[in-house]
Each structure stands twice: as structure tokens, then as C-alpha cells.
Amino acid sequence: MDYVSALVPPVVMAAFFIGLVVTIVKSQGGPNKAKEDAAVDSAISRAEALQKTPRTDGV
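Predicted model only: the values in this text are computed from it and were never measured. (Residues numbered from 1 in each chain as written. Predicted model: local features only at pLDDT ≥ 70, side-chain atom pairs only at ≥ 80, totals over all residues. Heavy atoms only, no water.)

**Some points on the overall build of the chain**
1) Next: Of the regular secondary structure elements, the chain holds two helices and zero strands.
2) Next: A compact globule built from 59 residues would reach a C-alpha radius of gyration of about 10 Å, whereas the chain, at 23 Å, exceeds it by more than 25%.
3) Next: Oriented by its inertia axes, the alpha-carbon framework of the chain measures out at about 70 × 40 × 10 Å.
4) Next: Considering the chain as a whole, with its 59 residues, one finds that 0% of them fall into the buried category.
5) Next: Summed over its atoms, the accessible surface of the chain is roughly 5,500 Å², and 69% of this surface lies on carbon and sulfur atoms.
6) Next: Both charge centroids of the chain, one from 6 positive and one from 6 negative side chains, sit 7 Å from each other. (Helix = DSSP H or I, 4+ residues; strand = E, 2+ residues; numbered from the N terminus. Rg over C-alpha atoms; globule rule 2.2 N^0.38 Å. Buried < 20%, exposed > 50% of the residue type's maximum accessible area, 1.4 Å probe, protein only. Areas by Shrake-Rupley, 256 points an atom, 1.4 Å probe, with all protein chains shown as cover. Lys, Arg positive; Asp, Glu negative; His and termini not counted. Charge placed at Lys NZ, Arg CZ, Asp CG, Glu CD.)

And the structure:
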């Protein structure tokens, strides 16, 4: 029975990992893709704008 207790944790972790990958793949695209892309684009543009502004703290 030692081999069963040795195999259970990897099998359980593999099952959860497969479930995670399936969930990620299913959530890509779909009706919310444009909204998610717009949110990422706005975050990137805000970050770039902050990098381009000169520092005014005297350094």
C-alpha cells in the first residue's frame, strides 16, 4: 500500500493543474476579450505616461 500513498499526491496535483489549465484556456477570448484588452491598454498607457513625466522632486 505504500505505492498508493506515494502516487496519490502527484495524481491529485496533476488533476488540479489540468483543471487550472482548462479554466485558463476557456476564459481566454469570448465576449469579455475586448473589455479586458481595453483595460490592459489603458493600464499600459498610464504606466508609460508616468515614466515619461519628468521628476520634480529635485533629484
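**With respect to the UniProt feature "transmembrane region" (unreviewed entry) in the chain**
1) Next: Using the residue numbers shown here, the UniProt feature "transmembrane region" (unreviewed entry) corresponds to residues 6-25.
2) Next: In residues 6-25, helix accounts for 100% and strand for 0%; the two terminal C-alpha atoms are 30 Å from one another. (UniProt positions renumbered as here; feature names shortened; annotations may be inferred.)

**Focus: a nonpolar patch on the surface**
1) Next: A surface patch of nonpolar side chains, about 870 Å² in accessible area, is lined by Met1, Tyr3, Val4, Leu7, Val8, Val11, Val12 and Phe16.
2) Next: Among the structural elements, Val11 can be located in helix α1 (residues 2-27).
3) Next: Looking at Val11, the relative accessible area reads 56%, which means it is exposed. (Patch = residues over 30% accessible without salt bridge, like charges linked within 9 Å, V, L, I, M, F, W, Y side chains within 5 Å. Salt bridge = Lys/Arg side-chain N within 4 Å of Asp/Glu carboxyl O.)

**What to know about α1**
1) Next: Given a rise of 1.5 Å per residue, 26 residues ought to cover 38 Å, and the 39 Å separating the end C-alpha atoms of α1 matches this to within 8%.
2) Next: Roughly 30° is the biggest bend found in α1, and it falls at Val8, with proline Pro9 one to four residues downstream.
3) Next: Immediately downstream of α1, the backbone of Gly29 shows phi near 75°, a positive value. (Expected span 1.5 Å × (residues − 1). Bend = angle between axes of the 7 residues up to and from the residue.)

**What about the environment of Ala43?**
1) Next: With respect to the secondary-structure elements, Ala43 resides in helix α2 (residues 33-52).
2) Next: Sequence-wise, Ala43 and Pro9 are 34 residues apart; in three dimensions their C-alpha atoms are separated by 40 Å.

**Points about the environment of Gln51**
1) Next: Here Gln51 shows up in helix α2.
2) Next: Here Gln51 falls in the exposed class, since its relative accessible area comes to 68%.
3) Next: In sequence terms Gln51 and Ala6 are 45 residues apart; their C-alpha atoms lie 52 Å from each other.

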